[in-house]
Amino acid sequence: MTDRGLILACSAIGAGLAMIAGIGPGVGQGIAAGHGAAAVGRNPGAKGTIMSTMLLGQAVAETTGLYGFAVAIILLFANPLIGRL
Amino acid sequence: MGIGSSLLSTGFAGQNLLQFSTDENVSFGVNGFWQYRFLGQEVWLTTTQITTLIVMLALTVFALIANRVIRKADPEKAPGPFLNAIEYMVDAIDNLTKTNMGEKHGGKFANYIGTIFCFILLSNIAGLFGLRPPTADYGVTLGLALITFVLIHYNGFKYQKMGHITNLFKPVLLTPINIIGELATPLSMSLRLFGNVLSGTVMMGLIYGLLNRFALIAWPAVLHGYFDVFSGAIQTYVFCMLTMVFISNTFEEE
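What you see as residue numbers is a count from 1 along each chain, following the sequence as written. Numbering of ligands from 1 and lettering of chains from A proceed in the order in which they are written. Only residues with pLDDT of at least 70 are given local features in this predicted model, and only at 80 or more are side-chain atom pairs given and counted; all residues enter the totals for whole chains, interfaces and linings. Values reported for side chains reflect all heavy atoms of the structure, with hydrogen atoms and water molecules removed beforehand.

A word on the state of the cysteines
So, point 1. Our working definition of a disulfide is a cysteine sulfur pair at a distance within 2.5 Å. Evaluation of the coordinates by the stated rule reveals 0 disulfides over all chains.
So, point 2. Note on cysteine 118 of chain B: no disulfide assigned, nearest cysteine sulfur contributed by cysteine 240 of chain B at a separation of 9.0 Å.

What about the interface of chain B and chain A?
So, point 1. Should any heavy atoms of two residues lie within 4.5 Å, those residues are counted as being in contact. Taken together, the contact between chain B and chain A spans 21 residues of the former and 16 residues of the latter.
So, point 2. We define a salt bridge as a contact between a side-chain nitrogen of Lys or Arg and a carboxyl oxygen of Asp or Glu at a distance within 4 Å. Linking chain B with chain A are 0 salt bridges.
So, point 3. Numbering of helices and strands runs from the N terminus; a helix is a DSSP stretch of H or I covering at least four residues, while a strand is a stretch of E covering at least two. Contributing elements (two or more residues each) for the side of chain B that touches chain A: α1 (3-10), α6 (175-210) and α7 (220-252) of chain B.
So, point 4. Looking at the side of chain B that touches chain A, the element that brings in the most residues is α6 of chain B, giving 8 residues.
So, point 5. Of the residues assigned to the side of chain B that touches chain A, the class counts are 15 nonpolar, 5 polar and 1 charged. Asp, Glu, Lys and Arg are counted as charged, while Ala, Val, Leu, Ile, Met, Phe, Trp, Tyr, Cys and Pro are counted as nonpolar; the rest, among them Gly, fall into the polar class.

Some words on the packing of aromatic side chains
The geometry of an aromatic ring pair is captured by the separation of the ring centres together with the interplanar angle, meaning the angle of the planes.
Residue and element names in this part refer to chain B.
So, point 1. In this analysis, rings of Phe, Tyr and Trp, with Trp reduced to its six-membered ring, are considered paired at centre separations within 6.5 Å, and the interplanar angle assigns stacked below 30 degrees, edge-to-face beyond 60, and tilted for intermediate values. According to the stated counting rule, one finds 6 aromatic pairs over all chains in the structure shown.
So, point 2. For the pair tyrosine 138 and phenylalanine 194, a centre-to-centre distance of 5.3 Å together with 65 degrees between the ring planes defines the contact as edge-to-face. You can see tyrosine 138 sitting in helix α4 (residues 138-160) and its partner phenylalanine 194 sitting in helix α6, a full 56 residues away along the chain. An identical accessibility class is assigned to tyrosine 138 and phenylalanine 194; each is buried.
So, point 3. Centre to centre, the rings of tyrosine 159 and phenylalanine 251 are 4.9 Å apart; their planes meet at 75 degrees, and the pair counts as edge-to-face. Here the residue tyrosine 159 occupies a position in helix α4, and phenylalanine 251 occupies one in helix α7, the gap between them amounting to 92 residues.
So, point 4. Residue classification places phenylalanine 251 among the buried positions, given a relative accessible area of 5%.
So, point 5. Taken together, the aromatic side chains of Phe109, Tyr159 and Phe251 make up a single cluster linked through ring pairs. When a residue's accessible area, from a 1.4 Å probe over protein chains only, is under 20% of the maximum for its type it is buried; when over 50% it is exposed; and in between it is partly exposed.

By themselves, these figures tell us nothing about what the structure is for.
Written out as structure tokens, the structure is:
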């Protein structure tokens, strides 16, 4: 196996591992959505406010997952390690 | 020259990073169309700039038509459907800023929020029209987030004077964390928008590039509905909301 091939293969594995970061935001957004649904059930009049607060919280919770996604994309398409050969 | 500089200066369009993929079918990267020299550097005219120009053109045409319709409007009669839609949009933006930033300051920021709302929304749904969304380029989203960053600190100094700086040292032990938190704001805002739009672009690029032409009848419309319209609208809303929340945080502790 060439050095380049090794780096490419390990980068692909690393990109897959980086996307494990998607678990956290998934759980977090689910919890937020569940509590949002409970809140709407308790107070249907405040649906608009609850909705926007929930979406804002979910978007912030998503950030960590997107960091993982950025790492995966960089490893796959703009690999900095190949330049070090 | 590390990856950081190539990401920041030219989006993903570095020398050999111009095309994300070597496979001809799969394309979701930033393509360079035309090379020119600017201040001694080799610069490319990329997809991002062209789609940004198209988005700006569409917004300008819309603004000109809306302007003409508003000028010709007869206050005696009921407004037509187009005028009604414009009034509804302006009203919605005014309400959004006033509920989030307060009656006193909200009106001043309605223009800015409305502008970035239109621009980001149209950029995000550009994928529907076969264009590569400009917001899937880190340069664009970082620029938008830096505008917000400057606005936050401009308003901080305006309303809290020197308190804006002393707030950083409030619990003295937490000073480094406060400073990092301030600097992380534009980074996380830009990465959030960039990551969401880019993930949609990558997914659509893979689906269009890897599947047979006959396997692509009609059903990708559902994915476009999710990735471009739904996700794009949500991210636009979130970006505007976060901008408003961060700016209105500087009003309070006067």
